[in-house]
Amino acid sequence: MTAQDAEAETPPAEPSTPAQPSTPAQPATAPAGSRRRRRLPRAWRERTDWVPVDTTVGQVLRGLRWAALAIYAFFLMNNWLHDGIPFDR
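Residues numbered from 1 in each chain as written. Predicted model: local features only at pLDDT ≥ 70, side-chain atom pairs only at ≥ 80, totals over all residues. Heavy atoms only, no water.

## Digging into the overall build of the protein chain
Part 1: When helices and strands are counted, the protein chain shows three helices and zero strands.
Part 2: In the protein chain, the order of α-helices and β-strands from amino to carboxyl end is α-α-α.
Part 3: The buried share among the 89 residues of the protein chain stands at 1%.
Part 4: Only carbon and sulfur atoms are counted for the fraction: they give 60% of the accessible area of the protein chain, which is about 9600 Å². (Helix = DSSP H or I, 4+ residues; strand = E, 2+ residues; numbered from the N terminus. Buried < 20%, exposed > 50% of the residue type's maximum accessible area, 1.4 Å probe, protein only. Areas by Shrake-Rupley, 256 points an atom, 1.4 Å probe, with all protein chains shown as cover.)

Next comes the structure, spelled out in C-alpha cells:
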C-alpha cells in the first residue's frame, strides 16, 4: 500500500464547528478607550520631489547623494583612524 492509496481510502475530515454567519470585522464605532491620532499636515504626508526618481536626472541625483554619503564616511573613518574617536576624551 502506498501513501497515495492511503490518502484515497481516508475520507476528508469534516469541520468540527459549524460555519458561523459572517460578522463585520470591526464595530461601526471605535471603542470608548481609544484615542484618535492627529494627522500630519497634507504637505508632510505627500511626497514632494524636485525631480522624479524615475527620470535620468533623478537617478543621477540619487547616485550623487549616495556618493556624497560614501565620501563623508570614508573621510570620517580616515579621521578616526588618524586622530581617534572624539568620544574618548
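## Focus on helix H3 (residues 56-83)
An α-helical turn contains 3.6 residues, so a residue and the one three or four places further along point in the same direction.
Part 1: Compared with the 40 Å implied by 1.5 Å per residue over 28 residues, the 40 Å span of H3 between its first and last C-alpha is a close match.
Part 2: Just downstream of H3 lies Gly84, where phi reads positive at about 90°. (Expected span 1.5 Å × (residues − 1).)

## So, the confidence of the model for the protein chain
Should the pLDDT be low somewhere, the predicted coordinates at that spot are not to be read in detail.
Part 1: On average, residues of the protein chain carry a pLDDT of 77, and 61% of them reach 70 or more.
Part 2: Confidence, expressed as mean pLDDT per element, reaches its minimum in the protein chain at helix H1 (residues 3-9) with 61 and its maximum at H3 with 95. (pLDDT = per-residue confidence, 0-100.)

## What to know about the packing of aromatic side chains
Part 1: The final tally for this structure, using the stated rule, is one aromatic pair.
Part 2: Both rings, one in Phe74 and one in Phe75, keep their centres 5.4 Å apart while their planes meet at 75°; by these two values the pair is edge-to-face.
Part 3: Using a relative accessible area of 53% as the deciding quantity, one classes Phe75 as exposed. (Phe/Tyr/Trp six-rings, centres within 6.5 Å; stacked < 30°, edge-to-face > 60°.)

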